[in-house]
Amino acid sequence: MQPLLTILTGSLLALSVEAHNAIFKSVHSVDRECVLYLRDGTCGKGDCTVRCRGLVARFWKDTVGRPAATINRFYRPDPEDCGYYERTEQCLGEISAVIPAEDACRRANCSVSCYEDQYGRVDRYGVRFIPFTELQHKRVVRECEAILGLTTSVGIEHCREFKCLFRCFLIREDLYSDAGGPDIERMSVQCGGRYGDEAFRRRAMECVWNLQAQQLDRCELAYRVANDCVNGEVALLPIFLNVTGNLQFNSAFRGFTRGPPLLQRLSLLQRLPLFQNLPLWLTTPAV
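Keep in mind that this is a model prediction, so the values were computed, not measured.

## A few points about the packing of aromatic side chains
Per the counting criterion, the structure on display carries 13 aromatic pairs. Ring centres 6.1 Å apart and planes at 70° place the aromatic pair F162 and Y223 in the edge-to-face group. Of the two residues, F162 sits in helix α7 (residues 159-172) while Y223 sits in helix α10 (residues 218-229), which places them 61 residues apart along the sequence. In this structure, F162 and Y223 share a single accessibility class: buried. Relative to F240, the ring of F169 lies with its centre 5.0 Å away and its plane at 55°, an arrangement referred to as tilted.

## Observations regarding the pattern of salt bridges
Pairs can form between side chains of opposite charge once their charged atoms are near each other. Enumeration according to the criterion identifies 21 salt bridges in this entry. A salt bridge links D31 to R53, with the nearest nitrogen and oxygen atoms 2.9 Å apart. Of the two residues, D31 is situated in helix α2 (residues 27-37) and R53 in helix α3 (residues 49-57); the sequence distance between them amounts to 22 residues. The pair formed by D31 and R53 is uniform in burial state, with each residue classed as buried.

Definitions and cut-offs
Residues numbered from 1 in each chain as written. Predicted model: local features only at pLDDT ≥ 70, side-chain atom pairs only at ≥ 80, totals over all residues. Heavy atoms only, no water. Phe/Tyr/Trp six-rings, centres within 6.5 Å; stacked < 30°, edge-to-face > 60°. Helix = DSSP H or I, 4+ residues; strand = E, 2+ residues; numbered from the N terminus. Buried < 20%, exposed > 50% of the residue type's maximum accessible area, 1.4 Å probe, protein only. Salt bridge = Lys/Arg side-chain N within 4 Å of Asp/Glu carboxyl O.

Purely geometric numbers; function is a separate question.
Have a look at this one:
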């Protein structure tokens, strides 16, 4: 009865985000997909069901050869087990040393077994956020351009339009809402699991609450939340810039994803020939 109730609850959750583009899946639903996809085998590569699970849930890449940190969203460690992470890492290291990267299916099987044996209990029926691919990001941007009536990708010369496009992008991917602010957990999954540290999350939310108290307009608030608060090693703003196709932003901000807020760093960009004619007002952060 409990699994059935969980499945029904998961189905309702998935339906609740149909207005946006976010996708939520469980291990159970992903495995059922993979059974369908692999019905006729995988060109003699053996059992590739677990690898398929990783590809569909987006925690596995053959080029990396080990699960991404985001696989942990499907597992529940024992609260009293203090060594689960170290044991899992040790197990993954042993797998990498023994199984060649070319044997992707077997390496995926054994790597996921490390999580099942050492990390915690797998939650097969709980639905989890599935991160977007670059192609899906681009589709969302095009949709937002159409929704907002923008005919071309906007850039520095249309700063407010850019921020509104970015806000639409976050909302359409169900990573942010005007009422609730950023969904740190989903942002963490989208950014490769880099926001799992509790101290980081606490600082980020304090930053968000401070910005919300300033009564900024909605586009400015969404931009500042991503730029000032949720701006770790892998951040959503550079991801957005990378998929807009806008060469001004894409080339200019590459490599400027850490340190002070983005608008403050525009003064550095003005040293580049392409940006020497930027208006001075853009070099100071919006308030």
